[in-house]
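Here's the letter readout for the chains.
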Amino acid sequence: MTTFEKQENHVTTGATVWLTGLPSAGKTTIAYELAGRLRGEGHRVEVLDGDEIREFISAGLGFSREDRHTNVQRIGFVAELLARNGVTALVPVIAPYADSRHAVRKRHDENDTAYIEVHVATPVDVCSVRDVKGLYAKQAAGEISGLTGVDDPYEEPESPDLRIESHNQTVQESAASVYALLSERGLA
């Protein structure tokens, strides 16, 4: 089979699925669950994990409002580039500020690239129990400050394309609801 024949087996409609929410809300877990399902159907998929982006693309940025905005814009640029080239970019990133998320959506709109905003609306008390990275414990102990949703703002999306209450359903159910929206819009 030639490379061209292999490419014909892939679904080529790209999109960005931006999963925003508090630390430990379940964004990355949902993204990887969804990625597996989409890849199984022949979609080209990339997960742009916020922690990996900070390490490799946004190294040196801090957590000021300006640096967070710059980080989100860099991620948005990469996601839009992937999406317009037939890749489903799953972006599990906190992106705490509405204006930053709006700018990313605007870039997608200007390039006629599909964009779906998913708010993983997990309450802070549930996130602090999950505390995957130990951030809430460190903040409570006074070791860190500026934790989104605790002592730094998180501006919840007013009208996301989808709102998931991950604390009320399984990871599979959460991923299935995103998949259903992608399907409804002809993107899966």
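Refer to the preceding data block for the structure.
Residues numbered from 1 in each chain as written. Predicted model: local features only at pLDDT ≥ 70, side-chain atom pairs only at ≥ 80, totals over all residues. Heavy atoms only, no water.

Engineer: Would you explain the nonpolar core in this entry?
Structural biologist: One broad trend across soluble globular proteins is that nonpolar side chains are buried collectively. Among the nonpolar cores identified, the biggest contains 28 residues, and V17, L19, L34, L90, V118, V178 and L182 are the most heavily contacted of them. Of all the secondary-structure elements, those providing two or more residues to this core are strand 1 (15–20), helix 2 (27–40), strand 2 (45–47), strand 4 (115–120), strand 5 (162–164) and helix 8 (171–184). W18, L48, I75 and V104 belong to the second-largest nonpolar core, a separate cluster that totals 12 residues. (Core = buried A, V, L, I, M, F, W, Y, C linked by side-chain atoms within 4.5 Å. Buried < 20%, exposed > 50% of the residue type's maximum accessible area, 1.4 Å probe, protein only. Helix = DSSP H or I, 4+ residues; strand = E, 2+ residues; numbered from the N terminus.)

Engineer: Help me understand the environment of S159, please; the structure alone is not making it clear to me.
Structural biologist: By secondary structure assignment, the location of S159 is in the loop between helix 7 (135–140) and strand 5. Judged by relative accessible area, which is 62%, S159 ranks as exposed. Expressed as a C-alpha distance, the spacing of S159 and H119, which sit 40 residues apart in the sequence, is 9.0 Å.

Engineer: What's the story with unusual backbone geometry in this structure? I'm lost.
Structural biologist: Peptide bonds are trans in most cases, and residues, glycine excluded, mostly fall at negative phi. The phi torsion at S24 lies on the positive side, around 70 degrees, for a residue other than glycine. Along the chain, the position of S24 falls in the loop between strand 1 and helix 2. One non-glycine residue, D112, lies in the positive phi region at around 55 degrees. Along the chain, the position of D112 falls in the loop between helix 5 (98–110) and strand 4.

Engineer: Help me understand the sheet that holds strand 2, please; the structure alone is not making it clear to me.
Structural biologist: Within a sheet, each strand pairs with its neighbour through backbone hydrogen bonds, oriented either parallel or antiparallel. Reading across from one edge, 2-3-1-4-5 is the order of the 5 strands in this open sheet, with parallel pairing throughout. Two strands close off the open sheet at either side, each with one partner strand: strand 2 and strand 5. Here the average twist between neighbouring strands, direction ignored, is 20 degrees. Of the strand pairs in this sheet, strand 1 and strand 4 are connected by 5 bridges, and their pairing is parallel. Following the sheet pairing, T20 is matched in strand 4 by H119. (Pairing = 2+ DSSP bridges. Axes fitted to C-alpha atoms, helices over the stretch in contact; angles between N-to-C directions.)

Engineer: What's the story with the side chain of H119 in this structure? I'm lost.
Structural biologist: Structurally, the position occupied by H119 is in strand 4. Take H119: its relative accessible area is 2%, and that puts it in the buried class. Only 2.5 Å separates the side chain of H119 from the side chain of R163, close enough to count as a polar contact. Each residue touching H119, except ones within four places of it in the same chain, is listed here: T20, G21, Y154, E156, P157, P160, L162, R163 and I164. (Polar contact = N/O pair within 3.5 Å; in protein donor to acceptor, adjacent residues only side chain to side chain. Contact = heavy atoms within 4.5 Å.)

Engineer: Explain the pairing of strand 1 to me, please; I cannot follow it from the model alone.
Structural biologist: Consecutive side chains along a regular strand alternate between the two faces of the sheet. Among the 6 residues that make up strand 1, 6 are buried, leaving the element largely enclosed by the rest of the structure. Side chains A15, V17 and L19 of strand 1 all project onto a buried face; the interleaved residues T16, W18 and T20 project onto the opposite face, where all are buried too. Judged from the 5 bridges that link them, strand 1 and strand 3 (residues 88–92) form a sheet pairing that is parallel. The residue bridging A15 from the neighbouring strand is T88, located in strand 3.

Engineer: Help me understand the packing of helix 4 (residues 65–84) against helix 5 in this model?
Structural biologist: Angle between the axes and distance between the axes are the two parameters that describe a pair of packed helices. At a closest axis distance of 9 Å, the pairing of helix 4 and helix 5 adopts a crossing angle of 20 degrees. Considered as vectors, helix 4 and helix 5 are oriented roughly parallel to each other. Between helix 4 and helix 5 lies a crossing of right-handed hand. Between helix 4 and helix 5, the residues in contact are R65, H69, V72, Q73, G76, F77, A79 and E80 and D99, S100, A103, V104, R107 and H108, respectively. Residue composition of the contact of helix 4 with helix 5, grouped by class: 5 nonpolar, 5 polar and 4 charged. (Parallel < 35°, antiparallel > 145°, perpendicular 65-115°, else oblique. Left-handed = near helix turned anticlockwise from the far one by under 90°. Nonpolar A, V, L, I, M, F, W, Y, C, P; charged D, E, K, R; others polar.)

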